[in-house]
Amino acid sequence: MRVAVVGAGVSGLAATKCCLDEGLEPTCFEQSQDIGGLWRYTEHIEAGRPSLYPSVISNTSKEMSAFSDFPFPEHFPVFLPNALLLDYLRRYAERFSLREHIKFGTTVVSIRKRPDFATTGQWDVVTEAGGKQTSDVFDAVMVCSGNFWEPSLPLQCFPGIERFRGQYFHSRQYKHPDVFQGKRVLVVGMGNSGVDIAVEASRVAAKVIISTSRGAWLLSRVFEHGYPWDMILNTRFMTLIKTNLPGPLSWWFINYKVNQWFNHENYGLQPERSWLVREPVLNDDLPSYILTGRITIKPGVKEFKDNSVLFHNCPEEEPIDIVVFCTGYNVSFPFLEESVVRVENKHASLYKYVFPTHLQKPTLAVLGLIKPLGSITPVAEMQARWVSRVFKGLCQLPSQSIMEKEVNEQKKNKVRWFGLTFDEVLKTEWLVYLDTLASFIGAKPSVLGLLCTDPWLALTIFFGPCSSYQFRLGGPGRWEGARQAILTQWDRVLKPTRTRVPAGSSSSFPSLLIVVGFLLLLAAVIFGFQ
């Protein structure tokens, strides 16, 4: 079975590898000359590719960002500069011999159903390389082109921008802070890029303002007791609490956790509707930069003037020289017909964020088009494992009506759960989603079963970080090294930081937690969480 994979970033590499695991024949088309996608830095902005600024560091830790059968080298830092993350992807491609299945410098021009699609499910894929177009027939398609290359710049939402005499640009164009030297800078939007750019700008600019209409929860990479935030928050135990407590208690718990570092209200960051769970922003510097006056937080922009800006509920104009719009990206598939993947309000209607619901044959899937509250790497890989088995006929999808009903319900629930944002329906609970897909392919670990056969591993899986190795303990694609990888994950976290003293083995669990572990685990089973 021939499978076309569009893009050789994180999702594309995972898709190619999973196809090979299932005995399929993948051909990956990458328009640039190398792998890496978002994580490959280039000084110049390339059309159709994500653009990275050189200081970008991963927001998720290496143990929580690893492919499920390929841990990061133990000497790599816990949070990775983009160059090291690209190095890891290259090691992955080499380890599983993926490069020989990738056609570099090849752009996918169009993907169209063949006339006999209703019976064969096949696609005509037209590609272009060196100015020459080629058409090939594929039995299935995995779209891994990402959603960080077409900037969303809704200037119509900013009255007066047409008469603003200063400079403005989208965050995609940002590379170095030199452009802000001695300037008065306004950053519109408070996502991860917005805060990163504001912090960098404040080191050289005369003044930096962040404008946010809704606020945000802020997390530091360095969390409780100095451990990585996601290794503390993304556990089965914590997910059990978040998903099973009554709404008000769950909201109180999340408010309590995010305000442990500092009181968001005192810093002007408290989300406007704080009872709605929002995607947190990861930054280690912003609170201290607010304290020292380097950065000021303001509400949403009301109007631009010639050389200044007015904010809502603020009578005074603020003089501004440069505006950086950190307003996100559009979801776009220029090589697909609109009828194949329907995109509306920046959202593609896809079953489990992967499959179009209306195709006669489930032979096209979109990977990585999701914003989990955790690393995208294990999610994209799990999607690829599921999709490759659907393509092979080993997993079946529900009927069209059932899938469409779930997609519509999903939209309603996400609006209620996360609030209205640019991409509200792309956000989802990380572990719940992983478990759902893992259960489709028979790779979800049974905590209760392990409690009887391997109690230490069961406790580690339940109370410890939900690293992706858990999904290789059994089922298809079982990896012999999974158990060892889970039990040594904290050693790989401590190795690059304990550089003055020997890095002995360590555990993140307090002794008391181990003592009461069995009782809490049984309580979890009662909740129905296994």
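Up top is the structure these notes are about.
It should be emphasised that the depicted structure is a prediction, and the values quoted were computed from it without experimental measurement.

J.: Just checking my understanding: could you explain the overall build of the protein for this structure?
T.: Scanning the protein for helices and strands turns up 18 helices and 24 strands. Expected size for 530 residues packed as a compact globule is a radius of gyration near 24 Å; at 24 Å, the protein falls within 12% of this value. Its C-alpha atoms give the protein principal-axis dimensions of roughly 65 × 65 × 45 Å. A total of 530 residues make up the protein; the buried ones form 56% of that total. Within the protein, residue pairs in contact and separated by at least 24 positions form 68% of the contacts whose partners lie at least 6 positions apart. Accessible area for the protein stands at about 22,300 Å²; split by element, carbon and sulfur atoms hold 53% of it. Charge centroids of the protein, computed over 55 positive and 50 negative side chains, lie 2 Å from each other.

J.: Got a minute to help me understand the sheet that holds strand β14 (residues 301–304) in this structure?
T.: In a beta sheet, neighbouring strands are held together by backbone hydrogen bonds and run either parallel or antiparallel to one another. Taken together, the three strands give an open sheet; going across it, the order is β14-β15-β16, and neighbouring strands pair in antiparallel fashion. Two strands close off the open sheet at either side, each with one partner strand: β14 and β16 (318–319). One ladder, built from three bridges, connects β14 with strand β15 (residues 308–311); its direction is antiparallel. Bridged to Glu303 within β15 is Leu310.

J.: How do you make sense of the environment of Ala129 when you look at a structure like this?
T.: Relative to the assigned elements, Ala129 resides in strand β5 (residues 123–129). Once the C-alpha coordinates of Ala129 and Val108 are considered, the two residues, 21 residues apart in sequence, prove to be 9.1 Å apart.

J.: It is not clear to me how the nonpolar core should be interpreted in this structure. Could you clarify?
T.: Note that soluble globular proteins tend to have their nonpolar side chains buried in a common cluster. Counting 120 residues, the largest nonpolar core has Met142 and Phe180 as its most contacted members. When residues no more than four places from it in sequence are discounted, the contact partners of Phe180 are Phe169, Tyr174, Val185, Ile197, Ala201, Val204, Ala205, Ile322 and Val324. Val6, Val108, Phe117 and Val340 belong to the second largest nonpolar core, which has 23 residues in total.

J.: Would you mind going over the pairing of strand β10 (residues 207–211) with me for this structure?
T.: Across a regular strand the side chains alternate sides, sitting on one face of the sheet and then on the other. Taking burial as the measure, the five residues of β10 include four buried ones, the bulk of the element. Pairing geometry for strand β9 (residues 184–188) and β10, over five bridges, is parallel. Bridge assignment links Leu186 to a residue of β10, and that residue is Ile209. In the classification by handedness, the crossover that spans β9, the intervening helix α5 (residues 192–202) and the parallel β10 is right-handed. The pairing of β10 with strand β13 (residues 295–298) spans four bridges and is classified as parallel. Looking at β13, one finds that Val208 is bridged to Ile295.

Each value, and the rule that gives it
- Within each chain, residue numbers correspond to sequence positions counted from 1 in written order.
- Under the rules for a predicted model, residues below a pLDDT of 70 receive no local features and side-chain atom pairs below 80 are neither given nor counted, while totals for whole chains, interfaces and linings still include all residues.
- Where side-chain values are given, they derive from all heavy atoms of the structure, hydrogens and water being excluded.
- By the criteria applied, helices consist of DSSP H or I runs no shorter than four residues and strands consist of E runs no shorter than two, each listed in order from the N terminus.
- As defined in this context, the radius of gyration uses C-alpha atoms, and a globule is described by 2.2 Å times the residue total to the power 0.38.
- Relative accessibility under 20% of the residue-type maximum defines a buried residue, over 50% an exposed one, and the middle range a partly exposed one, all with a 1.4 Å probe and only protein chains included.
- The contact rule is simple, with two residues in contact once any of their heavy atoms fall within 4.5 Å.
- Here, Shrake-Rupley sampling with a 1.4 Å probe gives the accessible areas, and only protein chains in the shown set may cover a residue.
- When charges are counted, neither His nor the chain ends are considered; positive counts come from Lys and Arg and negative counts from Asp and Glu.
- Note that the charge is assigned to NZ on lysines, CZ on arginines, CG on aspartates and CD on glutamates.
- When DSSP locates at least two bridges between a pair of strands, those strands are taken to pair.
- To form a nonpolar core, buried Ala, Val, Leu, Ile, Met, Phe, Trp, Tyr and Cys residues must be joined to one another through side-chain atoms within 4.5 Å.
- Note on handedness: a crossover is taken as right-handed if, strands pointing away from the viewer, the path from the first strand over the helix to the second is clockwise.

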